[in-house]
Every structure is written in C-alpha cells, then in structure tokens.
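Read off the chains here:
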Amino acid sequence: MQDSSELMQSAGQVDPQNQTPTFVKVYKSGSVGRSLDISRFSSYHELREELAQMFGIEGKLEDPLRSGWQLVFVDRENDILLLGDDPWESFVNNVWYIKILSPEDIQKMGDQGVESRDSAPGLPSIGDY
C-alpha cells in the first residue's frame, strides 16, 4: 500500500516535504541578520507570522498602514520590492534577501530621498515650493 507522499509523487505533484531548502537572509535594524528557509512556507501570511515571531514584533507586520512597519525584499536583479506584490512562487524564485523596515527606517529613507533631491542639480529644492 502506498502512503500519501508516494501517491503524490506518482501523480506528478510536488511533495512540499521533499523540496530543496531555499535559504535567504532577513535583516532588521538593531538585530542580527538571520537565515530563513522560505520553502517551508506556502504564503506571505505564513512568512509574515514567522518573521514577526522571529524578531519579536508580533502584530506589527500584518497591517503596514496601521503599524508603520514594512516588509521589502531585494530580488536577484537588485530591485527593491514590497513583499506581497508578486505571486508567491515568483517571490520564492527571485528573492535574494528580506528587510524588515521599522517606521523610523522608513522615515530615514524619506529624509534621504528629500536630501538627495535637494542636492540634485537642475531639480527644484523643497524650499522652492
């Protein structure tokens, strides 16, 4: 008699228990970067829950608009994207590393963007408005 994993393999389906681990680094300001096997998860929701627990920020990653916390990832082309914008399978295949951004991190990024715009030649500065 075949067990369920043998039946799944014979039917041509993927057995999630036999997937090759896909480790990515996860970074958060003020914390040590950690490795995470994203092949253990099947959705962004599961990943968000694990990251929140791993970094002790439970309840802050589910609703970025309310909490101010944001998850972004850098793909293999070095583009920074919001976590959850791509289909799950595309994310798993393209993620290079994940960053957890606190409201302070996001504020700093905004300030740096304003500073670089102020100092860019040919662009109006904030004071011009």
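Residues numbered from 1 in each chain as written. Predicted model: local features only at pLDDT ≥ 70, side-chain atom pairs only at ≥ 80, totals over all residues. Heavy atoms only, no water.

As a reminder of what qualifies: UniProt positions are given in the numbering used here, feature names are shortened, and annotations may be inferred rather than shown by experiment.
Going by the annotation in an unreviewed UniProt entry, the name recorded for the protein chain is Auxin-induced protein, with Arachis duranensis given as the source organism. For the record of the protein chain, the UniProt heading Subunit (unreviewed entry) holds the text "Homodimers and heterodimers." Comment text from UniProt for the protein chain, heading Subcellular location (unreviewed entry), reads "Nucleus".

## Observations regarding a negative patch on the surface
Put simply, the rule reads: Like charges within 9 Å and nonpolar side chains (Val, Leu, Ile, Met, Phe, Trp, Tyr) within 5 Å are joined into patches, using only residues over 30% in relative accessible area that form no salt bridge. Residue-level accessible areas treat just the shown protein chains as cover; the underlying method is Shrake-Rupley with a 1.4 Å probe. Salt bridges are identified by distance alone: a Lys or Arg side-chain nitrogen within 4 Å of an Asp or Glu carboxyl oxygen. We treat Lys and Arg as the positive residues and Asp and Glu as the negative residues; His and chain ends play no part in the count. Working definition for charges: the position is that of NZ of Lys, CZ of Arg, CG of Asp or CD of Glu. A helix here means a DSSP run of H or I that spans at least four residues, while a strand means a run of E at least two residues long, and both kinds are numbered starting from the N terminus.
Taken together, E46, E49, E58 and E62 make up a surface patch of like negative charges. Assignment of secondary structure puts E62 in the loop between α2 (44-55) and α3 (64-67).

## Description of the nonpolar core
This is how the line gets drawn: Take the buried residues of types Ala, Val, Leu, Ile, Met, Phe, Trp, Tyr and Cys, join any two whose side-chain atoms come within 4.5 Å, and each joined set is a nonpolar core. Whether a residue is buried, partly exposed or exposed follows from its accessible area with a 1.4 Å probe, protein chains only, as a fraction of its type maximum: under 20%, in between, or over 50%, in that order. Working rule for contacts: check all heavy atoms of both residues, and any pair within 4.5 Å makes them a contact.
With 22 residues, the main nonpolar core has L47, L51, F91, I98 and I100 as its most contacted residues. Secondary-structure elements contributing two or more residues to this core are β1 (23-28), α2, β3 (70-75), α4 (88-94) and β5 (95-101). For this core, the element with the most residues is α2, which contributes 5 residues. Beyond its immediate stretch of four places on either side in the chain, F91 contacts I38, Y44, L47, F73, L83, D86 and I98.

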